[in-house]
Structure formats: C-alpha cells, structure tokens
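# Geometric and topological summary
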Amino acid sequence: MMIIGFCNLKGGVGKTTSCQNIAAALSKKGKRIAVVDMDPQSNLSAGFGLDPSPTDPQVFDLLSGAAEWDDVITSREGIDIIPSSLSLVMAELNDNGPTSKKTALRDALSKIEADRYDYILLDSPPQLGIFTQNVLGASQKIIVPMDGGFYSLFGLRLLDRSMGTFRERLNPELEIGGILMTNYNPRLYISRQIYEEVRKSFGELLFESYIRQNISIVEASSVGMSIFEYEPKSKGAECYRTVTEEFLRRFDGGYVPANESVPESENAEPAPAPVPEPETVTVIETLPEPEAIPEPEPVPEPEPEPEPEIIAEPEPEPEIPAEPEPTPEPEPVSAPEPEPEPEPKPALPSPIVQVPGEKRVTLGAYEESIKQDVLDMLPEAEKGMWMQLLSSVTDISRGEVDVRSLREDFEDSDKDRYTFYILNDEADSFWPVMYPDQIIEPLRCVIKWDEYGSAEVFM
C-alpha cells in the first residue's frame, strides 16, 4: 500500500481535480483505491457528489479518534472516500484539540491493513496549515500539480525548499514523486516557458504527460462525477488516462500497460537506426563516379550555332515596321482607357462598408490613425478581415500597454459584453483572451471589443 499526497501551496492548480480523476482511473484499472479529503472546503467530497450532514462521520471524527476507518468511508465509482466538511475549520482553530497533532492522519492510516489498498490518495488544502502538514506527515510520495501560471511555479519552489525541514522534523520518508502540469495550453508562450523552466530545475520529476485545458473536466466536478463517468470520450478523460499510465510506471513497480508495450519497444528499437547510416555512406562513395563524368558538358558547345540562327530571324522583322499607318489607330483606343480607371476607385470601398452594416461609420483622423497602426502590425493576409471589423466600430481609443492593469481590466470586465483580442510576438494574428495569464509580454497590441460597437486599443 502506497500513500500519495497531492500538494501545492498555491490554490486553483488542479490538486483536487487530479486527485479525484487519477483515483477514478486507477479504480477502473482494477486497483484498490481510497481517497481522504483533508481540505475544509470539501471540494473532493463535492466532486464525488457527497454532502455529509453534521451528524455523519467524516475525516474530523477519524482524526480525533471518535470514529474508525470503516465507520467513515463512503464508496463512489469503486473508490472508498473519507469525506470532509467545514467542521475542519473549527478544528484547525483549536490549537489544543485532538486534531491539532501533525501526525493524527498518519496514526489513523497506520491502523489499516497493509494489503487492503494499492493506493491511498490524500487531498490537501492550498496552504501550509495543520492539515497540509498532516498530509505531508502521512505520505510516502507527493505529487505537485501546477498550472501554466507563475504563481503555481512559486508555490512549487516554496514547497521544494521546505522538503528538507519536513523530512527532518516530520517524515523522513517523504519525497516528491512527480510534478504534474494541469490546465496546460501548449499554444501559450508563458505555459511553454514555465514547462521548460520546471524541466530544467526538476528534470525527471516532471511528468512527461500533462492535462490540457478541457471544459468537460470542470463540468464533471460541478455535477459530482469524475471525468470518466461524465464524459469518458472527452479530451480530458484521454489526458487523465495517459497521466495514470505514467503514474503506474512511476509507482507500481515497473507496470507496463498492454496498449503501451508496443510503442515502448518501438522507441527502444530506433537505437539500431545508426546501422543503416553507413550503408548510405557507401552509396555516397559511389556517387563521385558519375560526378567525374563531365562528358555531357560538350553538349552546350553546339548551342552557340543556333544562337546566330535566332539572330538572323529578327533581322527581317525590323523591315516589317515600315508600315506607320496603323499607329494612329491605337491612339483613339488609349483615350478611353483613362476613363474606366477612375470608375473602379469609388467601387472599392463599397464592399467594406456593406459588410459591417447598412450605414457607413465615419471615424475621425485620430481613430483612423489608430486603425492604421493596428493594421500595420498584421501580415497582409490578416488585414482584410480586420479592416472590415475595425470599419464597423463607432469609436476607437488608444491606451498604453500595462500588463497588470490589462489583466485586472479583463478580470473585472463583463465577459458577455467585452471580448479581448491579443497580438504578441508569438503570433501574427489576433486571438481571443480566455483568461488573464494569456495577456503576456512581449505585447504588441490588445483590443478590448465592445459588442455595442466600440473598441479600446492598447499598444
């Protein structure tokens, strides 16, 4: 039986979601799994659809010794769950209470038979309080989930720096077993940068697989299900299956799933790939033989002979232009040509005006200059669409780029009314901002778009 805690001192990084869905994936693989909700917010309990009443036994009773393990467990999706509630908040405030011990959870888990479960997963709150210390004191390994943001990286480093103290004073066996990237978007520069920073600093501790952004994962927790019960064919479920396979390879004594044994052997076989390389080298050695044959080169020598023949042909041609009479005929033809040229000019702006709306929007010189600055940043292929969109805006104003204030503006804005578009050095086209961390430097331009027909441009 292995006890694994999910910890990060930064909240909102996917600790609870990862604990729940990895537990569900392990259960579906036939593993005997239990989870313990050590967070007073009870998010893990709610994620499994549990809402214990104050009279129901829960983790507080287990820690205080008022109830035994079998009295507290509730089963969902083949998993034994020890639920939590807000009663833990009052327990945390009581420094002299039975749950104030940093080893209370370890003492409770030590009473469980070693062969009853394969894994017990522990969910912790997002701060270094008494219950996180209980998780660190009871765990053999911890998994540190983190999203693509800077603050979760800061939480990881803070936890890593504290590991020596925890091992010395609390749990000599404690180790970081893995770092899992969640809510990851490989298209974002900041996400890729943080991923590489973690890889450089922590090496193999970083899971090779990661959890991509997927709305089904959020929806599953909100209805009290794991992703495998809610939408088993979603991208989120696929990500957690892949992560669980790597989880087992790390912690289950070299477990190799059947469906991945073939690609692993294939990955090992590329080692003999250098063998065919000398064969290509021998082919290259034979190549110089045809290169040494310059016999086709004399072929261009007879070419100068046809050249004078071609010169002889144009000699009779100058004799033909002796007819000067047809020259006055093209003169009247050239006269009507300038007349159609001004006609298409007024026709060009008309399609741009007709696309956005029925009546033309008139922008002043200042607004036109802003619009032109925005268009100058875009490649030629993107200009047509944005010229039409900007032409439909009733008012355009300019603001200076300030990443922090833009993020605050994004968070405080009415998402149903405003849409933010961003252009930075990673892309040559505007794309919509979904959350504040997408507003990153180096930044060229941000457009705050009002559905009622105005735009604020930050440059």
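Above this text is the structure in question.
Computed from a predicted model, the values in this text were never measured in an experiment. (Residues numbered from 1 in each chain as written. Predicted model: local features only at pLDDT ≥ 70, side-chain atom pairs only at ≥ 80, totals over all residues. Heavy atoms only, no water.)

This next bit is on the overall build of the chain. Per the secondary structure count, the chain includes 22 helices and 12 strands. Relative to its full complement of 459 residues, the chain shows a buried share of 40%. Only carbon and sulfur atoms are counted for the fraction: they give 53% of the accessible area of the chain, which is about 25400 Å². (Helix = DSSP H or I, 4+ residues; strand = E, 2+ residues; numbered from the N terminus. Buried < 20%, exposed > 50% of the residue type's maximum accessible area, 1.4 Å probe, protein only. Areas by Shrake-Rupley, 256 points an atom, 1.4 Å probe, with all protein chains shown as cover.)

The subject of this paragraph is the sheet that holds strand β2 (residues 33-37). Spatial ordering of the open sheet is given by β3-β4-β2-β5-β1-β6-β7, a layout of 7 strands whose pairing is mixed. Bordering the open sheet on either side are β3 (74-76) and β7 (175-181), each of which pairs with just one other strand. Shown here is a sheet whose adjacent strand axes are inclined to one another by a mean of 25°, direction ignored. Bridge analysis of β2 against strand β5 (residues 119-123) gives 5 bridges, and the strand direction is parallel. Bridge assignment links Val35 to a residue of β5, and that residue is Leu121. The strands touched by helix α8 (residues 150-169) are β6 (141-146) and β7; relative to β6, the strand with the most contacts, the crossing angle is about 165°. (Pairing = 2+ DSSP bridges. Axes fitted to C-alpha atoms, helices over the stretch in contact; angles between N-to-C directions. Contact = heavy atoms within 4.5 Å.)

A grouping of Phe150, Tyr151, Phe154 and Leu158 is seen on the molecular surface, where their side chains present a nonpolar patch of about 440 Å² in accessible area. Mapped onto the secondary structure, Phe154 falls in helix α8. In this structure Phe154 comes out as partly exposed when scored by relative accessible area, which is 45%. (Patch = residues over 30% accessible without salt bridge, like charges linked within 9 Å, V, L, I, M, F, W, Y side chains within 5 Å. Salt bridge = Lys/Arg side-chain N within 4 Å of Asp/Glu carboxyl O.)

Per the counting criterion, the structure on display carries 12 salt bridges. Ionic pairing is found between Glu197 and Arg157, a salt bridge with its closest N-O pair at 2.8 Å. With a gap of 40 residues between them, Glu197 in helix α9 (residues 189-202) and Arg157 in helix α8 connect regions that are remote in the sequence. With a closest N to O distance of 3.0 Å, Arg398 and Asp373 form a salt bridge. Here Arg398, found in strand β8 (residues 395-399), pairs with Asp373, found in helix α20 (residues 365-376); they are 25 residues apart in sequence, far enough to count as distant.

In this model, the largest pocket occupies a volume close to 1300 Å³. Considering the residues around the largest pocket, the lining is formed by 45 residues, among which Lys10, Gly12, Asp147, Asn183 and Asp437 are closest to the centre. Of all the secondary structure elements, the ones that give two or more residues to the lining of the largest pocket are α1 (15-28), α8, α9, α10 (215-222) and α22 (403-412). Here the lining of the largest pocket takes 5 residues from α22, the largest share from any one element. When the residues that make up the lining of the largest pocket are grouped by side-chain class, the tally is 16 nonpolar, 18 polar and 11 charged. (1 Å grid on protein atoms, 1.4 Å probe; cavity = no way out; pocket = protein on both sides within 12 Å on 5 of 7 lines; lining within 4 Å. Points joined across faces, edges and corners; volume = space filled by probe spheres on them. Nonpolar A, V, L, I, M, F, W, Y, C, P; charged D, E, K, R; others polar.)

The next thing to look at is the environment of Glu197. When its relative accessible area of 31% is taken as the criterion, Glu197 is described as partly exposed. Separated by 44 residues in sequence, Glu197 and Leu153 have C-alpha atoms that sit 9.0 Å apart.

To continue, consider the packing of α20 against helix α21 (residues 380-391). The N-to-C vectors of α20 and α21 enclose an angle of 160°; their axes lie 10 Å apart at closest approach. Taken together, α20 and α21 sit at an angle that is classed as roughly antiparallel. As α20 runs across α21, the sense of the crossing is right-handed. Residue-level contacts link Lys371, Val374 and Leu375 of α20 to Lys383, Trp386, Met387, Leu390 and Ser391 of α21. Each residue belonging to the contact of α20 with α21 can be placed in one class, and the counts come to 5 nonpolar, 1 polar and 2 charged. (Parallel < 35°, antiparallel > 145°, perpendicular 65-115°, else oblique. Left-handed = near helix turned anticlockwise from the far one by under 90°.)

Here the focus is the packing of α1 against helix α12 (residues 235-251). Packed helices, taken two at a time, are described by the angle between their axes plus the distance between the axes. Two elements in contact, α1 and α12, have axes separated by 9 Å at closest approach and are oriented at 75°. Between α1 and α12, the angle is such that the two are roughly perpendicular. Contact residues: Thr17, Ser18, Asn21, Ile22, Ala25 and Leu26 in α1; Tyr240, Val243, Thr244, Phe247 and Leu248 in α12. Split by residue class, the contact of α1 with α12 holds 7 nonpolar, 4 polar and no charged.

Reading across from one edge, β8-β12-β11-β9-β10 is the order of the 5 strands in this open sheet, with mixed pairing throughout. Each edge of the open sheet carries a strand with a single partner, namely β8 and β10 (431-432). With 5 bridges connecting them, strand β11 (residues 443-450) and strand β12 (residues 454-458) associate as antiparallel partners. Across the sheet, residue Ile447 finds its bridge partner in β12, namely Val457. Strand contacts of α21: β8, β9 (418-424) and β11, with the helix running at about 45° to β11, the strand carrying the most contacts.

By themselves these figures say nothing about function.
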